[in-house]
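Okay, here's what each chain looks like letter by letter:
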Amino acid sequence: METMDAKSYITGVFDRAAQTYDKVDVDFFLPMAKELVRRADLKPTDDVLDVGCGRGAALVEAAKTARTVVGTDLAPTMVELTKKDAPANATVRIGDAEEPDFPDRSFDVVTANLVIFFLPDPAKALRNYARILRPGGRVVFNSFAAEDERFAKAVEAMAKFTGYERPPRNPVFDTPESLLELLTGNGFEGRVEELAFESRLKDPEQWLEWMWTHGGRALLEAVPEETMPEACAAAFAEIEKARGPRGDLVLTTRMRFTTGTLATRRTT
Ligand SMILES: C[S@@+](CC[C@H](N)C(=O)[O-])C[C@H]1O[C@@H](n2cnc3c(N)ncnc32)[C@H](O)[C@@H]1O
């Protein structure tokens with residue numbers, strides 16, 4: 001897929017998900033956003049850019065401490081809805097996370113919660129963040145270390161009913177070392193740390209409902225309507241196998257948090 005096609009396809013999926021995004025009572029995006037913002041170590045004098053802001057999980061959290069927060073996203077419905085809920089010190093607008101169109105040295109911090117791996121060229125994004133950050137500026141982003149294999153099997157079971165293929169993972173997200181290289185090769189120094197998050201689900205139906213509300217929607221949209229019941233049954237059978245001894249369903253996601261500081265004080 002061409003770069004622009006890939007971007008408009010991904011943001012189209014999120015645009016269609018925007019009305020229900022993070023609204024089905026599954027704790028997934030917010031705990032990660034809170035952890036990300038905590039790692040940004042914000043000061044009341046900081047101006048923050050939150051790229052791929054979605055429905056504002058990190059933006060709202062950052063606005064509690066920062067002086068100002070600008071949220072950008074390429075999905076118009078995300079922008080429209082988040083604008084309505086935004087705190088007084090936050091603004092939201094359409095913008096590409098890879099190519100933020102702000103003057104040099106506009107921000108103290110750039111945050112990206114569950115976004116950077118969607119970008120065709122994350123290195124280019126980081127070089128742009130280095131440009132728009134002031135001296136001493138920071139960037140914090142997260143990416144998947146490992147998904148919950150039991151739930152991945154449910155996704156695979158459903159994918160058999162479609163021609164859908166997940167876009168290949170950019171190897172830069174494969175290891176802490178490759179992430180560190182991504183940082184240091186593009187103007188930052190920093191660290192990478194791994195953490196696990198647990199999301200409780202009531203039942204397989206809630207998993208399905210949740211899938212429609214985020215990037216997983218891309219898979220569901222590819223299932224032909226006539227085979228949807230069969231595809232759901234196959235996925236649910238896998239999810240049933242993931243139940244714990246008390247019948248509980250817990251999705252465990254291992255995330256890597258990458259925190260960078262501008263490597264050198266620029267003189268230009
Ligand atoms: C998984 S959601 C995360 C949203 C939000 N940061 C959160 O934590 O809930 C990914 C978001 O990135 C946006 N996105 C994907 N590619 C983008 C790009 N190139 N520029 C701006 N936003 C993008 C999507 O539209 C979506 O809102």
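Residues numbered from 1 in each chain as written. Predicted model: local features only at pLDDT ≥ 70, side-chain atom pairs only at ≥ 80, totals over all residues. Heavy atoms only, no water.

### Some thoughts on the UniProt feature "domain: Methyltransferase type" (unreviewed entry) in the chain
Residues given the UniProt feature "domain: Methyltransferase type" (unreviewed entry) here are residues 49-141. Secondary structure over residues 49-141 splits into 30% helix and 31% strand, and the C-alpha atoms at its two ends are 12 Å apart. (UniProt positions renumbered as here; feature names shortened; annotations may be inferred. Helix = DSSP H or I, 4+ residues; strand = E, 2+ residues; numbered from the N terminus.)

### Describing the packing of helix H8 (residues 204-212) against helix H10 (residues 228-241)
At a closest axis distance of 9 Å, the pairing of H8 and H10 adopts a crossing angle of 120 degrees. Classified by the interaxial angle, the pair formed by H8 and H10 is oblique. Considering only the axes of H8 and H10, their crossing is right-handed. Here H8 contributes Pro204, Glu205, Trp207, Leu208 and Trp212 to the contact with H10, which in turn contributes Met228, Cys232, Ala235, Phe236, Ile239 and Glu240. Partitioned by chemical class, the residues of the contact of H8 with H10 number nine nonpolar, no polar and two charged. (Axes fitted to C-alpha atoms, helices over the stretch in contact; angles between N-to-C directions. Parallel < 35°, antiparallel > 145°, perpendicular 65-115°, else oblique. Left-handed = near helix turned anticlockwise from the far one by under 90°. Contact = heavy atoms within 4.5 Å. Nonpolar A, V, L, I, M, F, W, Y, C, P; charged D, E, K, R; others polar.)

### Thoughts on the sheet that holds strand E2 (residues 68-73)
Spatially, seven strands are ordered E3-E2-E1-E4-E5-E7-E6 in an open sheet, and the strand pairing comes out mixed. The open sheet has two edge strands with one neighbour each: strand E3 (90-94) and strand E6 (188-201). Within the sheet, the average angular offset between the axes of one strand and its neighbour, ignoring direction, is 20 degrees. As defined by bridge partners, strand E5 (residues 133-146) adjoins strand E7 (residues 249-262) across eight bridges and the pair is classed as antiparallel. Along E7, the bridge assignment pairs Val139 with Gly260. (Pairing = 2+ DSSP bridges.)

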